[in-house]
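Below, each chain spelled out in residue letters.
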Amino acid sequence: MSAPQVTYAAAGVDTEAGDKAVELMKDAVRATHGPQVLGGVGGFAGLYDAGALLAYRKPLLATSTDGVGTKVAIAQALDIHDTIGFDLVGMVVDDIVVVGATPLFMTDYIACGRVVPERIAGIVRGIAAACSVAGTALVGGETAEHPGLLGPDEYDVAGAATGVVEADRLLGPERVRAGDVLLALGSSGLHSNGYSLVRKVVSVAGWSLERHVDELGRTLGEELLEPTRVYASDCLALAERAGVAGLHAFSHVTGGGLASNVARVLPPGLVAEIDRGGWTLPPVFGLVQALGQVPWTDLEGTLNLGIGMVAIVAPEAVGGVLAHAAELALPAWELGVVRPADPDRDVAGAPGFVAGTKGVDGGAVQLSGSYRV
């Protein structure tokens, strides 16, 4: 008796579906291409003409990679897949912008249990749309079908981007001085961090994603799937207008929350003073806290609490940066000030004192007061 015939399709991989997905997405991908992108969709490698870098005196390349995390579970549950790309692009390119670099190009990777062409194309169309907002070319990607490892309707996404900055325009801790002012740039919502906590709170409360929540003005699922704000173009515009003498650093508020990410871009010996009562939290954050009785210290160490990016600017540049942010329709407000460290009160373990996060030997943040919800 002969053994049964085993094909790639019988093993759960449909190459024809993958080809159809590429056909459905390629126009959206091409829309992100300028003259610097060579070749078409589907090549083994994306090609980018780096000739413009010859005009730089000392170009520094910046690179970043990230994923979306468990927010993809919300997209899968709601069967809405064309917004998750904004979360991916925001997590990747806005880390590059922190150093003042212009993101040049990006690639993506999608692993799934089963290729559904329309779903994969929807994900990539979202990525391409976000790349257009960021001014970044989507030059390539990969979709991998992993039957048996992922369920038929499960997927995960990741991406990587490369950017460039002139060496003498590099932003970061070396430029920050005592007296500098922290400006908050508002988030669009939860963005793409802390969803393991949020999903646990929702599960314990027994709430459905279809539940209408009055204080949110929409369903819970719609709120949780709100796309991440992509700051790249706006931050670069603020930096260009203010110059390195006026805008010294950015901090992208992602995993770890506000204080831990601000501390990463401060030099040793400086502390950022932030009053928790300096802004009103968007409703979703108070909802998560109350629904799960989440300790505030846990919440502020996990979620962005309404601030997706922080700009650290010279005091004389504050008015100009805030005015330019208003022109860009970017919510912004004064958040705190940078001061010299005080060895008598800036002590590890003190309430609200955050230092040494992410393995960075840098400055610190002192949080005080209570949040307004």
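An unreviewed UniProt entry annotates the chain as Phosphoribosylformylglycinamidine cyclo-ligase of Cellulomonas fengjieae. In its Subcellular location (unreviewed entry) section, the UniProt record describing the chain reads: "Cytoplasm". According to the UniProt record, the Sequence similarities (unreviewed entry) comment for the chain reads "Belongs to the AIR synthase family."

Enquirer: So what exactly am I meant to see when it comes to the UniProt feature "domain: PurM-like N-terminal" (unreviewed entry) in the chain here?
Expert: The UniProt record annotates "domain: PurM-like N-terminal" (unreviewed entry) at residues 57-165. The distance separating the terminal C-alpha atoms of residues 57-165 is 10 Å; by composition the span is 37% helix and 37% strand.

Enquirer: Help me understand the state of the cysteines in this model?
Expert: Covalent bonding between the sulfur atoms of two cysteines is what defines a disulfide. This structure, assessed with the given rule, holds 0 disulfides. Free of any disulfide, Cys112 has its nearest neighbouring cysteine sulfur in Cys131, separated by 19 Å. Of the residues examined, Cys112 reaches a relative accessible area of 1% and is grouped as buried. Cysteine Cys131 is unpaired, with the sulfur of Cys235 as its nearest cysteine sulfur at 16 Å.

Enquirer: I'm lost on the UniProt feature "domain: PurM-like C-terminal" (unreviewed entry) in the chain in this one. Help?
Expert: The sites that carry the UniProt feature "domain: PurM-like C-terminal" (unreviewed entry) are, in the present numbering, residues 177-340. Spanning residues 177-340, this segment combines 36% helix with 23% strand, and its end C-alpha atoms are found 9 Å apart.

Enquirer: Please explain the packing of aromatic side chains as it appears in this structure.
Expert: One pair of aromatic rings is described through two measures. These are the centre distance and the angle between the planes. Scanning the entire structure with this criterion turns up 3 aromatic pairs. For the pair Tyr48 and Phe105, a centre-to-centre distance of 5.1 Å together with 45 degrees between the ring planes defines the contact as tilted. Highlighted residues: Tyr48 in strand E2 (residues 47-48) and Phe105 in strand E4 (residues 102-112), separated in sequence by 57 residues. A relative accessible area of 23% means that Phe105 is categorised as partly exposed. Where Trp279 meets Tyr371, the ring centres are 5.9 Å apart and the plane angle is 75 degrees; that geometry is what we call edge-to-face. Placement of Trp279 in the loop between strand E11 (270-275) and helix H9 (283-292) and of Tyr371 in the segment after strand E15 (364-368) is noted, with a sequence separation of 92 residues between them. For Tyr371, a relative accessible area of 14% puts it in the buried group.

Thresholds, definitions, all that
- Residues numbered from 1 in each chain as written.
- Predicted model: local features only at pLDDT ≥ 70, side-chain atom pairs only at ≥ 80, totals over all residues.
- Heavy atoms only, no water.
- UniProt positions renumbered as here; feature names shortened; annotations may be inferred.
- Helix = DSSP H or I, 4+ residues; strand = E, 2+ residues; numbered from the N terminus.
- Disulfide = S-S within 2.5 Å.
- Buried < 20%, exposed > 50% of the residue type's maximum accessible area, 1.4 Å probe, protein only.
- Phe/Tyr/Trp six-rings, centres within 6.5 Å; stacked < 30°, edge-to-face > 60°.

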